[in-house]
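Read off the chains here:
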Amino acid sequence: MDSQYDLRLENVSVYYGSVKALEDITFEVKNNDFIGIIGPNGGGKSTLIKALLGQVPLNSGKISINPEKTIGYVPQFAEFDQSFPICVEEVVLSGLIGQKKVFFKKYNKEDIDTAYCLMKKLGILELKEKQIGELSGGQLQKVLVARALISNPGILLLDEPTASLDVQVKKEIYEILKNVSNEVTVLIITHDIAEIFSYVKSVAYINKNLHYHGSDSKMRKNVLELTTGCPIEDLVRKEEELMEDFIKTGDKYHDQCHF
Amino acid sequence: MINAIFKYSFMQNAVLAAVMASVICGIIGTIIVEKKLVSMSGGIAHSSFGGIGLGYLLNVPPILTGMLFAILASISLPMIKRKTDTNADTLIGVFWATGMALGILFIGLTPGYPPDMTSYLFGDILTVSSLYLVLMGILGVILVVLLTSMFKYWRIYLFDEAYMKVLKINVNWFEKILYIMIAMSIVLLIKVVGMILAIALLTIPPAIAKLYSKNLGRLMITSTVISLGISLLGLTLSYYFNIPSGATIILLAAVLYMISYYIKKILFK
Ligand SMILES: Nc1ncnc2c1ncn2[C@@H]1O[C@H](COP(=O)(O)OP(=O)(O)OP(=O)(O)O)[C@@H](O)[C@H]1O
Ligand SMILES: [Mg+2]
């Protein structure tokens, strides 16, 4: 495999029984790319990540992953039981498991420092002794991001990691990802089409098929057109027409409105 | 009671069995409760009845054939589930009933008077044999060593198997070992409290412990201590009042659960 590419999908199709989730997807993700995956609900984005992780079988096609790199993953939905007796710090550190010895494993000072530093950055350090079920949705999401980042993975796959976060934290997470993407290949699924273009290096729009994949200056325009279903020029024109209408009618609708 | 322990070897055996059963319960009980394997454990317990019946028919120690059946069930249950995509609950029901039916059939086929099954159904800690004690001791040591030497791995396996797979750790290995340990534990507990009550002894102590702790290691230790307390007390009561030991132990556990629940409610309101 060409070592310039960390992920390569060739004609990948995935079906759940008779339900088509992905069809004939072909694209590559370059070393240290920061790619945003965009598409409608049910478009097969999570399936794409699960295929990369080997969690769903491919009906056809081939996936190659740079064998020298380890993977970090933030799932869209926590698959574990939230009443499980484990605390935040232990969950974050668990991202390191599998790297060192199996028997009588202990986390050393360095591991714990890394964990604390990461948790501080994400604003969850003071939650470190909380049981995992006592967190809010957004706090839990941050814990999962920390667990994925702690092992310094070469490839980071994130499935809507910012879905339940407030604007400030969302920004912080994107900044963190942007920073790590100098050394790490980041693939992120998101619906934040307003913010994502300031951070990513490339985007792919997936709705069963790959409708767009690019990293040029037009990626924003192309994706917005796919997302809204009409050319951006039309959207802009419509807005202008509305504005004209609005001026012409003398705002008679809005007078009745109190807020 | 203390005198009786010194005087009668059956009492010494009973006390030893109670201690070892408590270690097994504390560890395996906490695991099956946290991993949501309680009904699967019920299925394994009842499957073993087929093996116990077979033991009588073939005239070999029923515990060995019972253990064989339990281990076979615990290995094939997850395998069939994966292969056929059957609902786990349905499959457990099938194993549960088939095991019982086989047991009844084998015992029916056994020549001569039908053997007395009550000690398998309801347990009898006062007649624990030395074979049992040796097996329990071996299992207890294996459990403690396995758990303490790889505690961090077990915790993540129990908590989030899917992420463990992402980290490229062989989850199957953990699953197989765990299921075999569960199967062996259940069969050994059958002698103490009986097949019908084994699940209760596995689940009530962790449930009590969970009222007070949210740390996996502490949960296991607390459950062990609770099991030990109730089984020794149950043993004493059954000795003095000449009542069935298994039922006494389980009823004590249930009462302790209720008391703990209300204490917690009052203290931590
Ligand atoms: N385990 C499953 N079994 C059957 N069908 C599934 C399964 N998971 C997903 N699907 C189907 O596959 C399609 C793609 O699902 P997927 O979860 O990949 O979408 P998505 O792009 O991640 O959507 P969202 O934005 O809502 O997260 C959907 O039609 C969905 O119904
Ligand atoms: Mg999804």
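Quick look at the structure, then. The structure presented is a predicted model; accordingly, all values stated were derived computationally and were not measured. (Residues numbered from 1 in each chain as written. Chains lettered and ligands numbered in written order. Predicted model: local features only at pLDDT ≥ 70, side-chain atom pairs only at ≥ 80, totals over all residues. Heavy atoms only, no water.)

Thoughts on the overall build of chain B
Point 1. The helix and strand tally for chain B stands at 13 helices and 0 strands.
Point 2. If you list the helices and strands of chain B from N to C, you get α-α-α-α-α-α-α-α-α-α-α-α-α.
Point 3. Relative to the compact-globule value of 18 Å for 269 residues, chain B shows a C-alpha radius of gyration of 19 Å, a close match.
Point 4. Looking at the 269 residues of chain B, the share that counts as buried comes to 56%.
Point 5. Once local pairs closer than 6 in sequence are excluded, the contacts in chain B between residues at least 24 apart make up 75%.
Point 6. Counting every atom, chain B has about 12100 Å² of accessible surface; 72% of that belongs to carbon and sulfur.
Point 7. Measuring between centres, the 18 positive side-chain charges of chain B sit 10 Å from its 8 negative side-chain charges. (Helix = DSSP H or I, 4+ residues; strand = E, 2+ residues; numbered from the N terminus. Rg over C-alpha atoms; globule rule 2.2 N^0.38 Å. Buried < 20%, exposed > 50% of the residue type's maximum accessible area, 1.4 Å probe, protein only. Contact = heavy atoms within 4.5 Å. Areas by Shrake-Rupley, 256 points an atom, 1.4 Å probe, with all protein chains shown as cover. Lys, Arg positive; Asp, Glu negative; His and termini not counted. Charge placed at Lys NZ, Arg CZ, Asp CG, Glu CD.)

Examining the site of ligand 1
All names here are of chain A.
Point 1. With respect to spatial proximity, 13 residues lie near ligand 1, and among them Gly42, Lys45, Ser46, Thr47 and Gln76 are the closest.
Point 2. Within the backbone of Gly43, one N or O atom sits 3.2 Å away from an oxygen atom of ligand 1.
Point 3. A distance of 3.4 Å is found between an oxygen atom of ligand 1 and a side-chain nitrogen or oxygen belonging to Glu160.
Point 4. Relative to its unbound accessible surface of 640 Å², ligand 1 loses 62% to contact with the protein.
Point 5. Residue contributions to the shell around ligand 1 peak at 3 residues, all from helix H1 (residues 45–53).
Point 6. Taken together, the residues that form the shell around ligand 1 break down as 3 nonpolar, 8 polar and 2 charged. (Near = heavy atom within 4 Å. Polar contact = N/O pair within 3.5 Å; in protein donor to acceptor, adjacent residues only side chain to side chain. Nonpolar A, V, L, I, M, F, W, Y, C, P; charged D, E, K, R; others polar.)

Considerations on the interface of chain B and chain A
Point 1. Taken together, the contact between chain B and chain A spans 22 residues of the former and 31 residues of the latter.
Point 2. When chain B packs against chain A, the two sides together hide about 2500 Å² of surface, and 64% of this comes from carbon and sulfur.
Point 3. Area buried by chain B at its contact with chain A is led by Tyr153, Phe159 and Tyr163 of chain B, which between them contribute 29% of it.
Point 4. Linking chain B to chain A there are 4 salt bridges.
Point 5. Where Glu134 of chain A meets Lys214 of chain B, a salt bridge forms, and the shortest distance between an N and an O atom there is 3.0 Å.
Point 6. The interface formed by chain B and chain A holds 5 residue pairs in polar contact (both at pLDDT 80 or more) in total.
Point 7. Mapped by element, the contributors of at least two residues to the side of chain B that touches chain A are helix H7 (130–149), helix H8 (151–159), helix H9 (161–166) and helix H12 (216–241) of chain B. (Buried area = accessible area lost by both parts, 1.4 Å probe. Salt bridge = Lys/Arg side-chain N within 4 Å of Asp/Glu carboxyl O.)

Focus: the coordination of the magnesium ion (ligand 2)
Residues and elements named next belong to chain A.
Point 1. For the magnesium ion (ligand 2), the protein coordination sphere consists of Ser46 (OG) and Gln76 (OE1), at 1.9 to 2.1 Å. Of this pair, Ser46 sits in helix H1 while Gln76 sits in the loop between strand S5 (71–74) and helix H2 (88–93), placing them 30 residues apart in sequence.
Point 2. The buried category is assigned to Ser46, whose relative accessible area is 18%.
Point 3. On the accessibility criterion, Gln76 (25% relative accessible area) is partly exposed. (Donors = N, O, S within 2.8 Å, 3.2 Å for Na, K, Ca; no water.)

Digging into the sheet that holds strand S1 (residues 5–16) of chain A
All names here are of chain A.
Point 1. Spatial ordering of the open sheet is given by S2-S1-S4, a layout of 3 strands whose pairing is antiparallel. The sheet terminates laterally at strand S2 (19–30) and strand S4 (60–65), the two strands that pair on one side only. Sheet twist, expressed as the mean angle between neighbouring strand axes with direction ignored, is 15°.
Point 2. With 5 bridges joining them, S1 and S4 adopt antiparallel strand pairing. What sits directly across from Leu9, in S4, is Ile63. (Pairing = 2+ DSSP bridges. Axes fitted to C-alpha atoms, helices over the stretch in contact; angles between N-to-C directions.)

A short note on the sheet that holds strand S9 (residues 209–214) of chain A
Within a beta sheet, neighbouring strands are joined by backbone hydrogen bonds and run either parallel or antiparallel to one another.
Residues and elements named next belong to chain A.
Point 1. Taken together, the 6 strands give an open sheet; going across it, the order is S5-S6-S7-S3-S8-S9, and neighbouring strands pair in mixed fashion. One side of each edge strand has no neighbouring strand; the edge strands of this open sheet are S5 and S9. In this sheet, neighbouring strand axes are inclined to one another by 15° on average, regardless of whether the strands run parallel or antiparallel.
Point 2. Where helix H4 (residues 137–149) meets the sheet, it contacts S5 and strand S6 (155–159), and its direction lies at approximately 175° from that of S5.

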